[in-house]
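Secondary and tertiary structure notes
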Amino acid sequence: MVKFSHVTRKYGNTVAVKDLNLKIAGNEFVVLIGPSGCGKTTTLKMVNRLINPTSGTIEVMGKNIQDLNPVTLRREIGYVIQQVGLFPNMTIAENIGVVPHLLGWDKNKSRKRAAALLTMVGMDPETYMDRYPTELSGGQQQRIGVLRALAADPPLILMDEPFGALDPITRETLQDEFKRLQTELHKTIIFVTHDIDEALKLADRIVIMRAGEVVQDATPEELLRHPADDFVAAFLGKDRLSNQELQVAQVMLENPVKAYPEMGMAEGLALMKRKKVDTVLITDHGGRFLGSVSVDEVNAKHRSFNTLGEIVDQDTPAIEKTAAAKDAFNRINEEKLPYLPVIDEKGLLVGIVTRNNMVNALASVVWGDHNGSS
Amino acid sequence: MEKIILLTLEHLGLSTIGVLFGIAVGLPLGIMITRRRKLAGLVVGTTEMLQTIPSLAMLALLMMWLGLGNSTLIIALFLYSLLPIVRNTYTGLVNVDTGLIEAGRGMGMTRLQVLRLVQLPLALPVILAGIRVALITAIGVATIGTLIGAGGLGELIWLGMKNIETSKGVNMLFSGAIPAALLAIACELGLERLEKALTPRGLRVSPESMKN
Ligand SMILES: Nc1ncnc2c1ncn2[C@@H]1O[C@H](COP(=O)(O)OP(=O)(O)O)[C@@H](O)[C@H]1O
Ligand SMILES: [Mg+2]
């Protein structure tokens, strides 16, 4: 469908794309990924001739695009950009109908097409056809951006970070929706992103670029199993490569409220008040975990005892930081614990897992962000 | 009274014709210099220079060259209206989000289609504001047109000033000055409304109406 042969694009001394050779088959979903400035956008825009290569040739559907009229070529290729690019002076139906209009469809046919496309993404045509882009949410606008590229049913679609500006939840929804659409529509898609999770989720094939060159060109599977070099491995991130389950260390909170055993009762109470917690964890001066003291204990016993060390509950359950996060969550649920202190292999207190941050960690796993502890 | 109405209409007519010429030349010129950015500075600079010439001096110079009469006034009004029209057309077009222009090009619009379907509709409010300024300026300048033998309300104002010691002169002055002022205000308000009416609906929607 698309074939790059020895394509180079320079800007003065900057080589944006360097001797690129790439073949994209029909119905393939290819994701171009790499750090900012590596030449993804340049590569994409050379396909619809918004940018012309300095040297080399590009074929689309068997024809050298240098021989084609750029305007005709562009009408046959869908194009979606990050900034959405909906025309604020046109209604939703008119926006979707831009390419059909340019191709000379009559207005009725074009409106019908817009209605059908809106229905396909669950937006009621009656409600939305005649609204203006500013009346829609960001996610809805980007849906329209995608539909607009589909309007004239082009076999090839170029997408430049189409979901990049959306919030994580909306992005996820649109990715799912788009993936579903793709299984029905069988388009050839070249999709630019710098989000590896997005790439792994959507791509049939991932092309990793660095400084204008392809570093690796592989299926998501292959990529995860055999990253070509350290750059690719770093790009993928070690969480994904190790393919291990999430560990407690990745989801715990790192600075639990703690105190030494000789802290006085009143001081302990003040500490809990100040930090707004019900419990303080007790360690010795070497940081070894000793147990916990709850606010109820302090209140009940402050007449008979002087220090926290005297009333510490030494049977407080704890979990090792290398344990699976799932185990921590199971124990919290099954033993109805409000929290679980986290210790390392030497018994030193390193963190805490609470009910609350369990929820946050789960949520961030859903969003593909494994920094559950933050 | 009838005379005042006729003179007011003549005044408006002369100003409008001057501005229409300004639009006929200024709009294409403003569009053209967005394509040739190097010329933009020169063109805007020249129209700015024209604008700084005091109106009395401008009329005197044109009169020496073209003689007395309405057409000389119209040419002066035309020259004065160039700056706001050229400048606003240029700024209006240049300030259209480049992302939108690229989206249009990427979908296969020709340059002319980008201009017609995207840039001009979005720049329209700014261009209209320029035309409004041009017309108000023209109404003002036209009041001295009588000095070079052109028509309009200027005649009453100047005659009135000459005979300002007499109550007839005072009356005459007012009968020219007040309609001129009212005409300017009416044009200002009228064009402001037109601007609002012609602003693409999608640009007028308030953010509060956004629905999820
Ligand atoms: N119009 C331009 N003029 C000069 N340099 C450019 C231009 N467009 C892109 N570049 C340079 O080309 C390189 C690749 O850019 P781009 O393809 O936009 O990268 P990406 O989309 O991967 O972030 C960058 O170094 C960028 O600075
Ligand atoms: Mg880019």
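Here the structure is a predicted model, which is why all the values come from computation and not from measurement.

Before going further, it helps to examine the overall build of chain B. Within chain B, the regular secondary structure consists of nine helices and zero strands. Ordering the α and β elements of chain B from the N terminus gives α-α-α-α-α-α-α-α-α. The burial tally for chain B puts 46% of its 212 residues in the buried class. For chain B, the share of sequence-separated contacts (at least 6 apart) that also reach a separation of at least 24 residues comes to 73%.

Of regular secondary structure, chain A possesses 18 helices and 16 strands. What you see for chain A is a C-alpha radius of gyration of 28 Å, clearly larger than the 21 Å of a compact globule of 374 residues, by over 25%. Taken along its principal axes, the extent of the C-alpha atoms in chain A is 90 × 50 × 35 Å. In chain A, once contacts between residues fewer than 6 apart in sequence are set aside, the share between residues at least 24 apart is 61%. Surface exposure of chain A reaches about 17600 Å², of which carbon and sulfur atoms provide 49%. In chain A, which carries 43 positive and 48 negative side-chain charges, the distance between the mean positions of the two groups comes to 6 Å.

This part takes up unusual backbone geometry. Look at A:M61: it is not a glycine, yet its phi comes out positive at around 50 degrees. Residue A:M61 is classed as partly exposed on the basis of its relative accessible area, which comes to 40%.

A few words on the pattern of salt bridges. With the rule as written, the count across this model stands at 19 salt bridges over all chains. The residue A:E177 makes a salt bridge to A:R143 at a minimum N-O spacing of 2.8 Å. Of this pair, A:E177 sits in helix α8 (residues 168-185) while A:R143 sits in helix α7 (residues 138-150), placing them 34 residues apart in sequence. For the pair A:E177 and A:R143, a shared accessibility class is recorded, and that class is buried. The partner of B:R132 in a salt bridge is B:E192, and the shortest N-O contact between them spans 3.7 Å. Pair noted here: B:R132 is in helix α6 (residues 111-142) and B:E192 is in helix α8 (residues 167-198), with a separation of 60 residues, a long-range link.

The next subject is the packing of helix α5 (residues 98-106) of chain B against α6(B). All names here are of chain B. The interhelical angle for the contact between α5 and α6, taken along N-to-C directions, is 145 degrees, at an axis separation of 10 Å. When the axes of α5 and α6 are compared, the crossing they make is right-handed. Seen from α5, the contacting residues are L100, I101, G104 and R105; seen from α6, they are R111, V114, V118, Q119 and L122. Class assignment for the residues of the contact of α5 with α6 results in five nonpolar, two polar and two charged.

A word on empty space enclosed by the protein. All names here are of chain A. The final tally for this structure, using the stated rule, is two cavities of 30 Å³ or more. Considering only enclosed or pocket space, the largest cavity measures out at about 60 Å³ in volume. Lining the largest cavity are V121, R143, V146, F163, L174, E177, F178 and L181. Counting only elements with at least two residues in the lining of the largest cavity, the list comes to α7 and α8. In terms of residue count, the dominant contributor to the lining of the largest cavity is α8 (four residues). For the lining of the largest cavity, the residue count by class is six nonpolar, no polar and two charged.

Take the site of ligand 1 next. Residue and element names in this part refer to chain A. Every residue lining ligand 1 is accounted for by Y11, T14, A16, S36, G37, C38, G39, K40, T41 and T42. In the environment of ligand 1, an oxygen atom lies 2.6 Å from a nitrogen or oxygen atom belonging to the backbone of G37. One nitrogen or oxygen atom from the main chain of G39 is found 3.0 Å from an oxygen atom belonging to ligand 1. For the shell around ligand 1, the secondary structure elements donating two or more residues are β2 (14-24) and α1 (40-47). Ranked by residues supplied to the shell around ligand 1, first place goes to α1 with three residues.

Time to look at a nonpolar patch on the surface. On the surface, a cluster of nonpolar side chains totalling about 490 Å² of accessible area is made up of B:F174, B:I178, B:L182, B:I185 and B:L189. Looking at where B:L189 falls in the secondary structure, it is placed in helix α8.

With that out of the way, let us pick up the environment of A:L290. Mapped onto the fold, A:L290 is located in strand β13 (residues 289-294). Residues in contact with A:L290, not counting those within four places in the same chain, are A:P261, A:I282, A:T283, A:D284, A:V312, A:D313 and A:Q314.

Turning to the packing of helix α1 (residues 2-35) of chain B against α6(B), a few remarks are in order. All names here are of chain B. Contact pair α1 / α6: the axes reach a minimum separation of 9 Å and the direction vectors enclose 145 degrees. Crossing geometry of α1 relative to α6 is assigned as right-handed. In contact with H11, S15, T16, V19, I23, L27, I31 and R35 of α1, α6 contributes R111, L115, L120, I127, I131, A134, L135, A138, I139 and A142.

What follows concerns the sheet that holds strand β6 (residues 77-81) of chain A. All names here are of chain A. The sheet built from six strands is open, its strands ordered β6-β7-β8-β3-β9-β10 with mixed pairing. The outermost strands of the open sheet, each flanked by one partner alone, are β6 and β10 (213-218). Taking each pair of neighbouring strands and ignoring which way they run, the sheet shows an average axis angle of 15 degrees. Together, β6 and β7 (156-160) form the strand contacts of α7, whose direction differs from that of β6 by roughly 165 degrees.

Right, let's talk about the sheet that holds strand β4 (residues 55-60) of chain A for a bit. Residues and elements named next belong to chain A. Spatial ordering of the open sheet is given by β2-β1-β4-β5, a layout of four strands whose pairing is antiparallel. If you trace the sheet from one side to the other, it starts and ends with β2 and β5 (63-64), each paired once. Where strand β1 (residues 2-11) meets β2, seven bridges bridge the pair, whose relative direction is antiparallel. Bridge pairing in β2 links V2 to I24. Together, β1, β2 and β4 form the strand contacts of α1, whose direction differs from that of β1 by roughly 120 degrees.

This part is about the interface of chain B and chain A. Facing 25 residues of chain B, the contacting portion of chain A comprises 28 residues. Together chain B and chain A conceal approximately 2300 Å² of surface at their shared face, both sides included; 62% is due to carbon and sulfur atoms. For chain B, the biggest contributors to the area lost against chain A are B:E102, B:G106 and B:M107; these three give 24% of the whole. At the surface where chain B touches chain A, the tally comes to one salt bridge. The tally of links between chain B and chain A comes to four residue pairs in polar contact (both at pLDDT 80 or more). Among the elements that take part in the side of chain B that touches chain A, α5(B) stands out by supplying seven residues, more than any other. Along the lines of polarity and charge, the residues of the side of chain B that touches chain A split into twelve nonpolar, nine polar and four charged.

Scoring rules and cut-offs
Residues numbered from 1 in each chain as written. Chains lettered and ligands numbered in written order. Predicted model: local features only at pLDDT ≥ 70, side-chain atom pairs only at ≥ 80, totals over all residues. Heavy atoms only, no water. Helix = DSSP H or I, 4+ residues; strand = E, 2+ residues; numbered from the N terminus. Buried < 20%, exposed > 50% of the residue type's maximum accessible area, 1.4 Å probe, protein only. Contact = heavy atoms within 4.5 Å. Rg over C-alpha atoms; globule rule 2.2 N^0.38 Å. Areas by Shrake-Rupley, 256 points an atom, 1.4 Å probe, with all protein chains shown as cover. Lys, Arg positive; Asp, Glu negative; His and termini not counted. Charge placed at Lys NZ, Arg CZ, Asp CG, Glu CD. Salt bridge = Lys/Arg side-chain N within 4 Å of Asp/Glu carboxyl O. Axes fitted to C-alpha atoms, helices over the stretch in contact; angles between N-to-C directions. Left-handed = near helix turned anticlockwise from the far one by under 90°. Nonpolar A, V, L, I, M, F, W, Y, C, P; charged D, E, K, R; others polar. 1 Å grid on protein atoms, 1.4 Å probe; cavity = no way out; pocket = protein on both sides within 12 Å on 5 of 7 lines; lining within 4 Å. Points joined across faces, edges and corners; volume = space filled by probe spheres on them. Near = heavy atom within 4 Å. Polar contact = N/O pair within 3.5 Å; in protein donor to acceptor, adjacent residues only side chain to side chain. Patch = residues over 30% accessible without salt bridge, like charges linked within 9 Å, V, L, I, M, F, W, Y side chains within 5 Å. Pairing = 2+ DSSP bridges. Buried area = accessible area lost by both parts, 1.4 Å probe.

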